[in-house]
Amino acid sequence: NMNQLFKTFGVLCCLLLSKNLSAQIMTDETYEDLEFFHLVSEMPYFGECTLPNNNEQTDCFKNAFAAFLKTNLVYPIVDAPLTAQVKVYVKFAVTEEGKVIGKKLVKSSKIEAYDNEALKVLDKLPLFVPGKNKGTLVKVVYLVAIDFEP
């Protein structure tokens, strides 16, 4: 039950991409005076995810985002071969117009080349269908963990 999940973790999450993509309710001081939402009635999405059920649309977007990463994420050339998973946490916002802004490294992998690629792939994100809260277009912030697998 999603309500139990919200209470259990004390943080509201509405979108998970293989445990890698989430949106949360919190204030975000990094975006200064702009008002951003982290959980809204209709989350932003791209792709063919215009499904009537929120859960189906969320699942569709998870798959679309995973496909986007598979197609667009480039493994950087580094001195040593990748022997273990590398995880980089980034965040970005989707505006009322569906544009991706405010790309930021949240938690480094400690390997600069992977951190840079995680931010770089966000530049390739397509225009989103904007999020809505109670019928009004709003800015929405996403927190994403990007995994580089060996």
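None of these values were measured; they are calculated from a predicted model.

Caption draft 1: Spotlight on unusual backbone geometry. The phi dihedral of Lys110 falls on the positive side, at around 75 degrees, and the residue is not glycine. Since its relative accessible area comes to 74%, Lys110 is described here as exposed. For Lys134, which is not glycine, the phi torsion reads 55 degrees and is therefore positive. Examined against the element boundaries, Lys134 turns out to sit in the loop between strand E4 (131-133) and strand E5 (136-138).

Caption draft 2: Structural context of the packing of aromatic side chains. As enumerated under the stated definition, the model contains 13 aromatic pairs in all. A ring pair is formed by Phe46 and Phe61, whose centres lie 5.2 Å apart and whose planes are at 85 degrees; its orientation type is edge-to-face. Within this pair, whereas Phe46 is found in the loop between strand E1 (21-22) and helix H2 (54-72), its partner Phe61 is found in helix H2, the two being separated by 15 residues in sequence. Take Phe46 and Phe61: they sit in the same class, and that class is buried. A ring pair is formed by Phe128 and Tyr142, whose centres lie 6.4 Å apart and whose planes are at 35 degrees; its orientation type is tilted. Taken together, the residues span a long stretch of sequence, with Phe128 in the loop between helix H3 (112-122) and E4 and Tyr142 in strand E6 (residues 140-148) at a distance of 14 residues. Here Phe128 matches Tyr142 in class, with each residue buried.

What counts, and at which threshold
Each chain carries its own residue numbering, running from 1 in the direction its sequence is written. Reporting of local features is limited, given that this is a predicted model, to residues whose pLDDT is at least 70; pairs of side-chain atoms are given and counted only at 80 or more, and all residues count toward the totals for whole chains, interfaces and linings. The side-chain numbers reported here are obtained from all heavy atoms of the structure, hydrogens and water having been left aside. Each residue's exposure class comes from its accessible area (1.4 Å probe, protein chains only) as a fraction of the maximum for that residue type: buried when under 20%, exposed when over 50%, partly exposed otherwise. Secondary structure elements follow DSSP: runs of H or I of four or more residues count as helices, runs of E of two or more count as strands, with numbering from the N terminus. Stacked, tilted and edge-to-face are the three classes assigned to paired rings of Phe, Tyr and Trp, where Trp is represented by its six-membered ring and a pair needs centres within 6.5 Å; plane angles under 30 degrees give stacked, over 60 edge-to-face, the rest tilted.

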